[in-house]
Amino acid sequence: ALEPLSRKKLLDIGCGNGFFAYHAAQKGAQIDAFDNAAMISIAKEHFSHPAIHYRAQDGTTIFPYSDQNFDYVCANLVLMDIAELDKLLSETKRVLKQSGKVLLSILHPSFTPPVGKFRRGLLGRIHQNYAYFHLTNYFTPPAVSLKQSFGKDLPATTYYHRTLSEYAHLFHQSGLKITDILEPRPDADFIEKYPQ
C-alpha cells in the first residue's frame, strides 16, 4: 500500500517498539516516529536506524512538523487507544502532502472485548467446533476497557470502542478521504489446516 518508499518522508504515529519504522527505513524512507517516552526508549534500543528520528510525543496535541511535510502517515493499531481522535486526525491531514497517503490499521471493533468474545459453552468444552463468538453492545459503546501492557514496567493501554461508522465519520470530518478498506482474509492453506 505504501510503495515506493525510497526517498519518501513517512510519519509513524504511535510507533511502538519501532519495528515498522525500521523496516520502512531499510527500504529507503526517511522516518519521523513518535510514541510515549517508554515506547520510544524501547524503539531506540531495538530498532535504531540513521533514517529514523524517534520522539516522545502525545498524538492528541499539535504535531511538531510543518504543513504538508510527509508523503505517508501511518498509525498501526493506535486509533483505538486514543480517547479523542479529532486532533490526531486533523494534525495527520495538516502534515500530509496533498498527494500523500495515510495508512491506518485498527482492531475490528466487533472482535475486541468487552464488545465481543469467544465463548465455549457446554458443547464447546467437548469439541471446539461448538465454540462461538458472542457480540454485545456494538452500537452502544461499552465502558472504556484496559488492555494488557506490552512489556514489563509499561502501563496498560486503554481501549476505546468505536463502530466502523464512527471511524468513517471522524475521517470525513478531518478532511481525510477513505479510498480503500482492507480486511485480512485467511488463505487456502490456513482454511485447510483450520476448517472450523
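Everything here concerns the structure above.
Residues numbered from 1 in each chain as written. Predicted model: local features only at pLDDT ≥ 70, side-chain atom pairs only at ≥ 80, totals over all residues. Heavy atoms only, no water.

Caption draft 1: Representation of the nonpolar core. The biggest cluster of nonpolar side chains holds 22 residues, and the ones touching the most others in it are Leu-11, Ile-13 and Phe-63. Sorting the residues of this core by element identifies strand E1 (9–13), strand E4 (70–76), helix H3 (86–95) and helix H5 (164–174) as the ones contributing at least two each. Not counting residues up to four positions away in its chain, the partners in contact with Phe-63 are Leu-11, Ile-13, Phe-34, Gln-57, Leu-88, Glu-91, Thr-92, Arg-94 and Val-95. (Core = buried A, V, L, I, M, F, W, Y, C linked by side-chain atoms within 4.5 Å. Buried < 20%, exposed > 50% of the residue type's maximum accessible area, 1.4 Å probe, protein only. Helix = DSSP H or I, 4+ residues; strand = E, 2+ residues; numbered from the N terminus. Contact = heavy atoms within 4.5 Å.)

Caption draft 2: A look at H3. Among the residues of H3, those classed as buried are Leu-88, Leu-89, Glu-91, Thr-92 and Val-95. Considered in projection along H3, the buried side chains sweep an arc of 165° and stay on one side of the axis. (Arc of directions from axis to C-beta.)

Caption draft 3: Structural detail: the side chain of Ser-110. Along the chain, Ser-110 falls in the loop between strand E5 (96–105) and strand E6 (116–119). Look at Ser-110 and you get buried, because its relative accessible area is 13%. The contacts of Ser-110, once residues within four sequence positions are left out, are Val-115, Gly-116, Phe-133, Leu-135 and Tyr-138.

Caption draft 4: Structural detail: unusual backbone geometry. Even without being a glycine, Leu-77 presents a positive backbone phi close to 55°. Within the fold, Leu-77 resides in the loop between E4 and H3. Accessibility expressed as a relative area gives 39% for Leu-77, which makes it partly exposed. Although it is not a glycine, Asn-137 adopts a positive phi angle of roughly 60°. By the secondary structure assignment, Asn-137 is in the loop between strand E7 (132–135) and strand E8 (145–146). With relative accessibility at 44%, the residue Asn-137 sits in the partly exposed group.

Caption draft 5: Expanded view of the sheet that holds strand E3 (residues 52–56). Taken together, the five strands give an open sheet; going across it, the order is E3-E2-E1-E4-E5, and neighbouring strands pair in parallel fashion. Strands at the two margins of the open sheet, each flanked by one partner only, are E3 and E5. The mean angle between the axes of side-by-side strands here comes to 15°, regardless of whether they run parallel or antiparallel. Summarising the sheet, strand E2 (residues 30–35) and E3 pair through five bridges and their orientation is parallel. What sits directly across from Asp-35, in E3, is Ala-56. (Pairing = 2+ DSSP bridges. Axes fitted to C-alpha atoms, helices over the stretch in contact; angles between N-to-C directions.)

Caption draft 6: Quick peek at the pattern of salt bridges. This structure, assessed with the given rule, holds three salt bridges. Between Lys-97 and Asp-71 there is a salt bridge, with its nearest N and O atoms 3.2 Å apart. Remark: Asp-71 occurs in strand E4 and Lys-97 occurs in strand E5; sequence separation between them is 26 residues. The exposure class of Asp-71 is buried, given its relative accessible area of 12%. Two residues, Arg-94 and Glu-91, come together in a salt bridge whose shortest N-O distance is 2.7 Å. Of the two residues, Arg-94 and Glu-91 are both situated in helix H3; the distance of three residues between them amounts to about one turn of the helix. For Arg-94, a relative accessible area of 22% gives the class partly exposed. Here Glu-91 falls in the buried class, since its relative accessible area comes to 6%. Sharing partners across several salt bridges, the network here consists of Asp-67, Glu-91 and Arg-94. (Salt bridge = Lys/Arg side-chain N within 4 Å of Asp/Glu carboxyl O.)

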